[in-house]
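# Descriptive analysis of the structure
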Amino acid sequence: MKNLILFGPPGAGKGTQANLLAKHYQLIHISTGDIFREEIKNQTPLGLKIKSIIDDGELVPDAILIEIIKNVFEKHRNSNGILMDGFPRTVAQAEALDELLISEHSEITRVLSLKVDEEELLDRLLKRSQEFNRSDDGADIIRHRLEVYAKQTFPLEDYYIKKQKYVSLMGIGSVEEIFSSLCAIIDNLKT
Ligand code: AMP
């Protein structure tokens, strides 16, 4: 069973690569951002609660994330493995995920980190904002999301480096090139 985390700042290409990888390795793809956008679209009680948080580029509270992940894991007990994209985003989430996996007699296989410099990220996110009209993709909010990433999510690099789970690669190049670099790493994993 492979439990992979695709890690990186907003705009690094996690979503695109996660879709391709999940299909290729038949993994359950968990995108917490997609889950939240769906809740907002359907105007569920959770969706109504989190809309303004997401629109402001802030993080949804850890307790909500942990509950969602628990439910998704329960639903997919017998899968080939899980590919997480956009989760965890805080140390508290990472710790809760570790505990959850331990209780399932499992663990994180690897954290695959896509590295893209900040100027390129801003450029990509502004383009995405024009193309898809995401409500959290305005210029100021984009800058804020990158700050939130630097402050709350980036420290996770160290968390996973210490656990010897971390591997990084440049997220620059064509979608196909990055996909094949990721596949080369995953194909070499022992677990
Ligand atoms: P994403 O599509 O992954 O960039 O997520 C969009 C937004 O959903 C983020 O800016 C956060 O507001 C929220 N979100 C997604 N995943 C998480 C998470 N793991 N922890 C907290 N908030 C999250």
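Below, the structure is looked at part by part.

Cut-offs applied
- Residues numbered from 1 in each chain as written.
- Predicted model: local features only at pLDDT ≥ 70, side-chain atom pairs only at ≥ 80, totals over all residues.
- Heavy atoms only, no water.
- Helix = DSSP H or I, 4+ residues; strand = E, 2+ residues; numbered from the N terminus.
- Rg over C-alpha atoms; globule rule 2.2 N^0.38 Å.
- Buried < 20%, exposed > 50% of the residue type's maximum accessible area, 1.4 Å probe, protein only.
- Contact = heavy atoms within 4.5 Å.
- Areas by Shrake-Rupley, 256 points an atom, 1.4 Å probe, with all protein chains shown as cover.
- Patch = residues over 30% accessible without salt bridge, like charges linked within 9 Å, V, L, I, M, F, W, Y side chains within 5 Å.
- Salt bridge = Lys/Arg side-chain N within 4 Å of Asp/Glu carboxyl O.
- Lys, Arg positive; Asp, Glu negative; His and termini not counted.
- Charge placed at Lys NZ, Arg CZ, Asp CG, Glu CD.
- Near = heavy atom within 4 Å.
- Polar contact = N/O pair within 3.5 Å; in protein donor to acceptor, adjacent residues only side chain to side chain.
- Nonpolar A, V, L, I, M, F, W, Y, C, P; charged D, E, K, R; others polar.
- Pairing = 2+ DSSP bridges.
- Axes fitted to C-alpha atoms, helices over the stretch in contact; angles between N-to-C directions.
- Arc of directions from axis to C-beta.

## Comments concerning the overall build of the protein chain
Check the secondary structure of the protein chain and you find nine helices and five strands. For the protein chain, the α and β elements follow one another from N to C terminus as β-α-β-α-α-α-β-α-β-α-α-α-β-α. Taken over the C-alpha trace, the protein chain has a radius of gyration of 16 Å; the compact-globule value for 191 residues is 16 Å, and the two agree within 12%. Judged by the C-alpha coordinates and their principal axes, the protein chain covers about 40 × 40 × 30 Å. Counting the 191 residues in the protein chain, one finds 45% classified as buried. Long-range contacts, defined here as pairs at least 24 residues apart, represent 76% of the contacts in the protein chain between residues at least 6 apart. Surface accessibility of the protein chain: about 10,400 Å² in total, with carbon and sulfur atoms responsible for 50%.

## Re a negative patch on the surface
Together, D117, E118, E119 and E147 make up a negatively charged patch on the protein surface. By the secondary structure assignment, E118 is in helix α6 (residues 118-132). By relative accessible area, which is 51% here, E118 ends up exposed.

## With respect to the site of the ligand
Residues in close proximity to the ligand total 16 residues, the closest being T32, R37, E58, G86 and Q93. For the ligand, an oxygen atom lies 2.9 Å from a polar atom in the side chain of R37. Between the ligand and the protein, one listed contact pairs an oxygen atom with a side-chain N or O atom of R145 at 3.0 Å. Its free accessible area being 480 Å², the ligand has 96% of it covered by the protein chains. Counted by class, the shell around the ligand contains six nonpolar, four polar and six charged residues.

## Quick word on the sheet that holds strand β2 (residues 28-31)
One open sheet accounts for five strands, arranged β2-β3-β1-β4-β5; its pairing is parallel. Looking along the sheet, the strands with just one partner apiece sit at the ends: β2 and β5 (166-170). Taking the axes of each pair of neighbouring strands and ignoring which way they run, one obtains an average angle of 20° across the sheet. One ladder, built from four bridges, connects β2 with strand β3 (residues 81-85); its direction is parallel. Paired with S31 across the bridge in β3 is D85. Where helix α9 (residues 175-187) meets the sheet, its contacts fall on β1 (2-7), β4 (110-115) and β5, and the angle it forms with β5 comes to roughly 155°.

## Concerning helix α2 (residues 32-41)
Taken together, the buried positions of α2 are occupied by T32, F36 and I40. For α2, the buried positions fall inside an angular range of 75° around the axis, keeping them on one side. In the core, the buried residues of α2 are packed alongside β2, α3 (45-55), α4 (62-75) and β3. Q43, located one to two residues past α2, shows a positive phi value of around 50°.

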